[in-house]
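# Analysis of the macromolecular model
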Amino acid sequence: MQLLSSTNRRNGAAAALPLVPTIDQVMVEERAAAFGKRSIKTSAKLEGLKLAISMMDLTTLEGKDTPGKVAFLCRKAIHPLDPHYQVPSCAAVCVYSNLVRAAKKFLGNSGVKVASVATAFPTGLMPLKLKLEEVRTAVRNGADEIDMVIDRGVFLAGDYDRVFDEIAATKEASAPAHLKVILETGELQTYDNVRIASEIAMRAGADFIKTSTGKISPAATMPVTLVMLEAIRDFFYDTGIRIGMKPAGGIRTAKQALAYLVMVKETLGDDWLTPDLFRFGASTLVNDVLMQIVKTVDGNYQGADYFSLP
């Protein structure tokens, strides 16, 4: 069967999925590992750490989430650190759809976006009609961004057209919010599947492609992210459209964050080094980056209790 035969919602023309290259596992893993070995000068390191903060989606996706907890997270997203350190605000706060109104209220006109997970996060196992209603509700409540999940079972069964159609329908339902499509790469089994899923998502209308929900291990890894970045690069060469990237889950240290930024720069170029086109899922990453900023500026570490919990 064709990999994709549905109507291409991005340009309105019937289009099959282009031939997707197979992934050389050895090479992608070796290249990804090399990015973590680059030496970065102190001044560039500080700039990179602050850039990483500006790209973070602070996230709380727990059954015990409350408006108060969301308010606390929103305050941290707006002012991650004492003004003395000149640290920018985070990119977004990501919550379940029923807490979008609370997040929107607390963030106000700060410029920090409200992102809402949707489409039966984290499994995607719900009838499409109900998924789309959840998306529309989140947008009505003020969500600036929708983080949807694909149905991995449908994908692994080879029904790529259905995966495409569900993403395209979600894109339509989420307007005018930006759509991030979560592939849940830890369940896709192979790099080739990650590449195919990335292509489907971009052709169906994704504004961002995202590795993971953070609920499955492994979550984001550098090789998987590299495969997705290369898919974004090739899609840009083919269409002229810039798609964003969000690795999420498993990135816990400032050193890892800097390695990801090096990978983005060398794979996609400086145009992607902006919160408009690159994000980190940052449930636990933010505090380590803040600690490294304080260390770089002041010359010594603060205790862990100096920083608020994510």
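What this report covers is the structure whose coordinates are included nearby.

What counts, and at which threshold
Residues numbered from 1 in each chain as written. Predicted model: local features only at pLDDT ≥ 70, side-chain atom pairs only at ≥ 80, totals over all residues. Heavy atoms only, no water. Helix = DSSP H or I, 4+ residues; strand = E, 2+ residues; numbered from the N terminus. Buried < 20%, exposed > 50% of the residue type's maximum accessible area, 1.4 Å probe, protein only. Axes fitted to C-alpha atoms, helices over the stretch in contact; angles between N-to-C directions. Parallel < 35°, antiparallel > 145°, perpendicular 65-115°, else oblique. Left-handed = near helix turned anticlockwise from the far one by under 90°. Contact = heavy atoms within 4.5 Å. Nonpolar A, V, L, I, M, F, W, Y, C, P; charged D, E, K, R; others polar. Salt bridge = Lys/Arg side-chain N within 4 Å of Asp/Glu carboxyl O. Pairing = 2+ DSSP bridges. Right-handed = clockwise from strand over helix to strand, strands pointing away. Expected span 1.5 Å × (residues − 1).

## Section: the environment of asparagine 300
Looking at the secondary structure, you find asparagine 300 in the segment after helix H11 (285-298). Residue asparagine 300 is classed as partly exposed on the basis of its relative accessible area, which comes to 39%. Residues asparagine 300 and arginine 162, 138 residues apart in the sequence, show an inter-C-alpha distance of 54 Å.

## Remarks on the packing of helix H9 (residues 222-239) against helix H10 (residues 254-268)
Packing of H9 against H10 brings their axes to within 10 Å, and their N-to-C directions diverge by 25°. Looking at the two axes, H9 sits roughly parallel to H10. Crossing of H9 against H10: the hand is right-handed. The residues of H10 that touch H9, namely those facing Met222, Thr225, Leu226, Leu229, Glu230, Ile232 and Arg233, are Ala259, Tyr260, Met263, Val264, Thr267 and Leu268. For the contact of H9 with H10, a count of residues per class yields nine nonpolar, two polar and two charged.

## A few points about the environment of arginine 152
Within the fold, arginine 152 resides in helix H6 (residues 152-156). A relative accessible area of 7% places arginine 152 in the buried class. It is 9.0 Å that separates the C-alpha atoms of arginine 152 and leucine 125, two residues lying 27 residues apart in sequence. Beyond its immediate stretch of four places on either side in the chain, arginine 152 contacts Pro122, Thr123, Gly124, Leu183, Glu184, Glu187 and Leu188.

## What to know about the pattern of salt bridges
Enumeration according to the criterion identifies 24 salt bridges in this entry. The partner of lysine 69 in a salt bridge is aspartate 65, and the shortest N-O contact between them spans 3.3 Å. Ionic pairing is found between arginine 195 and aspartate 234, a salt bridge with its closest N-O pair at 2.8 Å. In this pair, arginine 195 sits in helix H8 (residues 191-204) while aspartate 234 sits in helix H9, placing the two residues 39 residues apart along the sequence. Taking relative accessible area as the criterion, arginine 195 reaches 4% and is therefore assigned buried.

## A short note on the side chain of threonine 185
Along the polypeptide, threonine 185 turns up in the loop between strand S5 (178-182) and H8. Note on threonine 185: relative accessible area 7%, which makes it buried. Apart from the residues lying within four places of it in its own chain, the contact partners of threonine 185 are Val194, Thr211, Ser212, Ala219, Val224 and Met228.

## Description of the pairing of strand S1 (residues 56-59)
Burial along S1 is two-sided: the face carrying Met56 and Leu58 and the face carrying Asp57 and Thr59 are both buried. Pairing of S1 with strand S2 (residues 92-96), which is carried by three bridges, proceeds in the parallel orientation. When the sheet's bridge partners are listed, leucine 58 is paired in S2 with valine 93. Running through helix H3 (residues 67-78), the crossover from S1 to the neighbouring parallel element S2 is right-handed.

## So, helix H2 (residues 42-54)
Between the first and last C-alpha of H2 there are 19 Å, a value that for 13 residues agrees with the 18 Å anticipated at 1.5 Å per step. Within the sequence span of H2, burial applies to Gly48, Leu49, Lys50, Ala52, Ile53 and Ser54. Against S1, H10, strand S8 (280-281) and H11 lie the buried residues of H2.

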